[in-house]
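Given next are the chains, with one letter for each unit.
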Amino acid sequence: MSKSKDKKAITVGFYALGCPKNIIDSERMLAEIAQAGFIITSETNNADVVVINTCGFIEPAKQEALKVIKDNIELKRKGEVKKIIVAGCLPQRLQSELAEQFPEIDAVLSLKFRDKIANIIKKTLSSNDTLEFLDKPPERPSNDKTRLLITPGHYAYLRISDGCNYRCSFCTIPSIRGEFRSKPIGNILSEAQQLASTGVHEIIIIAQASTSYGRDLKKAKTGLPELLKGLEKIKDIKWLRLMYAYPTDVTDRLIETIAGSKKILHYIDLPLQHINNQILKDMNRPDTEEGNYQLIEKLRGKMPEVAIRTTFIVGFPGETEGQFQQLLDFIQWARFDNLGCFKFYAEKGTAAADMEDQIAEELKQERFERLMLAQQKIAFEKNRSRIGSEVEVLIDSVDRDGSAVARFYGQAPEIDSVCFIKNCTAGAGDLVNAKIIDSENYDLIAEQIYALQGSKSPR
C-alpha cells in the first residue's frame, strides 16, 4: 500500500454562525475545504481542526460566537480538538484582540482570506504559533461561485453586493464589511445559473442593502430591476425572493418589476427600524415617517396581496414613551405580515453607543414585549383570515409519515412561519397547491391539493 493511502485524512469540523451573508461565506469555505481533500465531519468534538465562521454584528451574535470559541477551547484542553480556526466578521471587527484574548486559538482570519481557508488549515496544522490573517475587507465583492450548500438543496441565498454606504448610527456593518460594492451582473447571473443547475428552485436575494444594487455601476435606479429581469430568464428558477430592501431606494420601477413578474414573489423585506422622525434622524437614516407610510400604501396599491416583512429597534437612546407609542400605532396601521424586533445594543465604535439618554435594560425589555404582543395579535388574525384559501407552497421537508413542512410566498425560510401539511405525496423541493384549513399560532395548517405540473424534486 502506498504511503499516501496510509496517511490518515484530516477531519474538519465547521460552525456556520450568523446571517445568510455568513451562510454564503461558510458554503464557500466548505467547498474549498472539501476540494482540498479534507474530510468534513459533523462530529466537531472529535475533529483535527475546527473552523468557526463567526458573526459580530450585535452583542448577542458576538456572545454566541464567543461561547462556541470557549467550548472548543475546552475540548482542545481535553485533547478532543487539535486546532481551532476562527474566521469571519468577529476577527474582522476585533482584529488581533481576539487572539490576544484567547491564545488557545490557532489562527484567525478576516473576510479577505475566506477563499484561502484550505491553505490556512495546512499552515495551522504545521505551526505551533497563533497565525493571524487580518486585513481590510476585499476591495471587490467576493466571487461566491462554487459552494457546498448547507441550506436544503432546493433553495439558496444569492448575494448581489457587499458592504454598505449608509451610516446608521447603531450599525457596525460598514466597519466590518466595508464600503458598498456591487457584483457585476454577469457574475451574479452565472452564480444563479450554477445554483439552478444543481436543483435550486428558490433564489433568495441578499445584501446589506439590496436596493442599492448598481449604484456604484452608474445604475442607481435601474440596477436591481435589470438584475431581477435577468434572473427571471433562468429556466429552472421558480421563485425569486427579495430581502434587505432599504426603504428610500424602493423605486416605482422596482415595484412595477415585482408586481408584473410571475417569478419574483410578492414579498419584500423592508428593515424600517423605527417610524418617529426624530428617532430616524438620530439613527442617521434618510427615510421619514411620511415616506414610510406612503411606501406601504404604494406597495399595497400595486400588489394588494404583498407580504411585507420588517424589523424595528426599541429602546434607542432618547426614545420616549410617546415615540414608542407612535411605533405601536404604525404597526397597528401597517399590519405587517412578518416582523422582527431588536432591543438596542450600544455597540462599541458606533455613534449611538455614545449618545446621551441611554434606555434602561428593563424598559427596553418591556417595550420589546409590548411590541411583539401587538404584532402577535396581528399575525394570528392574518393567519385566521387565510383559512379556506388556496396557495402554492414549496415543500422544504417530508417525514416518513408524510408530514411536510412547506412555505407559501409570504414565508421566507428560517425567519418566518411555515405551513404544515399532512399526507403529503410530494418531495422536498416540489411546488404543491394546498388549501389552508387551520392555523396554529404563527404557523398554518394545510392539505395538499395536487403537485404543480412540471415540478420535480431536485433530490
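Residues numbered from 1 in each chain as written. Predicted model: local features only at pLDDT ≥ 70, side-chain atom pairs only at ≥ 80, totals over all residues. Heavy atoms only, no water.

1. Re the overall build of the protein
How we decide: Counting from the N terminus, the helices are DSSP H or I runs at least four residues long and the strands are E runs at least two residues long. The size measure is the radius of gyration over C-alpha atoms, and the globule rule it meets is 2.2 Å times the number of residues to the 0.38 power. A contact between two residues is defined here by any heavy atoms of the two lying within 4.5 Å. Each accessible area is a Shrake-Rupley estimate made with a 1.4 Å probe; only the visible protein chains count as cover when residues are assessed.
Within the protein, the regular secondary structure consists of 14 helices and 19 strands. Against the globule reference of 23 Å for 459 residues, the protein gives a C-alpha radius of gyration of 23 Å, in line with a compact fold. Projected onto its principal axes, the C-alpha coordinates of the protein cover approximately 70 × 60 × 45 Å. Contacts spanning at least 24 positions in sequence make up 74% of the contacts within the protein whose residues lie at least 6 apart. Accessible area of the protein: about 20500 Å², with a carbon and sulfur share of 49%.

2. Some remarks on the side chain of serine 261
Rules: Each residue's exposure class comes from its accessible area (1.4 Å probe, protein chains only) as a fraction of the maximum for that residue type: buried when under 20%, exposed when over 50%, partly exposed otherwise.
Looking at where serine 261 falls in the secondary structure, it is placed in the loop between helix 10 (252-259) and strand 12 (264-273). Of the residues examined, serine 261 reaches a relative accessible area of 11% and is grouped as buried. Filtering out sequence-adjacent residues up to four positions away, serine 261 remains in contact with Glu232 and His266.

3. Some thoughts on helix 2 (residues 20-35)
To keep things clear, this is the line we draw: Here, expected helix span is obtained from the residue count minus one, scaled by 1.5 Å.
Look at helix 2: 23 Å from first C-alpha to last across 16 residues, which is about the 22 Å you get at 1.5 Å a residue. The buried fraction of helix 2 amounts to 14 of the 16 residues, a majority that puts the element mostly inside the structure. Two residues or fewer after helix 2 comes glycine 37, characterised by a positive phi angle close to 95°.

4. Considerations on the sheet that holds strand 10 (residues 202-206)
We count it as follows: Pairing between strands is defined by DSSP: at least two bridges between them are needed. Each axis is a line fitted through C-alpha atoms, taken for helices only over the stretch in contact, and angles between the N-to-C directions span 0 to 180 degrees.
On the basis of which strands lie adjacent, the open sheet formed by six strands has the order 7-10-11-12-13-14 and parallel pairing. Unpaired on one side and paired on the other, strand 7 (155-159) and strand 14 (338-343) mark the two borders of the sheet. Sheet twist, expressed as the mean angle between neighbouring strand axes with direction ignored, is 20°. Here helix 2 sits on the sheet and contacts strand 7 and strand 10; the angle it forms with strand 7, its principal contact strand, is near 100°. Contacting strand 12, strand 13 (307-314) and strand 14, helix 13 (residues 321-334) runs over the sheet at an angle of about 170° to strand 13.

5. Things to note about the confidence of the model for the protein
A low pLDDT score tells you not to read the predicted coordinates there in detail. Short version of the rule: Per-residue confidence from the predictor is reported as pLDDT, which spans 0 to 100.
Overall, the prediction assigns the protein a mean pLDDT of 92, with 96% of residues at 70 or greater. Across residues 1-6 the pLDDT falls below 50, and counting only partners more than four positions away or on other chains, this stretch makes one contact in the model.

6. What to know about the nonpolar core
Applied cut-off: We call a set of buried residues a nonpolar core when its members are Ala, Val, Leu, Ile, Met, Phe, Trp, Tyr or Cys and they connect through side-chain atoms within 4.5 Å of each other.
By size, the foremost hydrophobic cluster in this structure holds 50 residues, and its most contacted members are Ile268, Leu270, Leu299, Phe312, Phe336 and Leu371. Counting residues per element, this core draws most heavily on helix 13, at six residues. Contacts of leucine 299, omitting those with residues within four sequence positions, involve Ile255, Ile268, Leu270, Val306 and Ile308.

7. What to know about the pairing of strand 10
Every regular strand shows the same layout, with side chains that alternate between the two sheet faces. In terms of burial, strand 10 is largely enclosed, as five of its five residues are buried. Every second residue of strand 10 is oriented toward a common face, with Glu202, Ile204 and Ile206 on one face and Ile203 and Ile205 on the other, all of them buried. Here strand 7 pairs with strand 10 via five bridges, running parallel. Within strand 10, the position partnered with tyrosine 155 by the bridge is glutamate 202.

8. Considering helix 13
Between its terminal C-alpha atoms helix 13 stretches 20 Å, which fits the 20 Å expected from 14 residues at 1.5 Å a residue. Restricting attention to buried positions, one finds in helix 13 the residues Gln323, Phe324, Gln326, Leu327, Leu328, Phe330, Ile331 and Ala334. Close packing links the buried residues of helix 13 with strand 12, helix 11 (277-282), helix 12 (289-302), strand 13, strand 14 and helix 14 (361-385). Of the residues trailing helix 13, arginine 335 is marked for its positive phi of about 50°.

9. What about the environment of phenylalanine 368?
In this structure, phenylalanine 368 sits in helix 14. Taking C-alpha positions, phenylalanine 368 is 15 Å from asparagine 338, a pair spaced 30 residues apart along the chain.

10. Re the sheet that holds strand 5 (residues 107-109)
An order of 2-1-3-4-5-6 is seen for the six strands of this open sheet, with the pairing classed as parallel. Across the chains shown, the open sheet's two edge strands, defined by having one partner strand only, are strand 2 (39-41) and strand 6 (131-133). Direction aside, neighbouring strands of the sheet carry axes that sit 20° apart on average. Bridge count between strand 5 and strand 6: three bridges; the pairing is parallel. Bridging across to strand 6, alanine 107 finds its partner in leucine 131.

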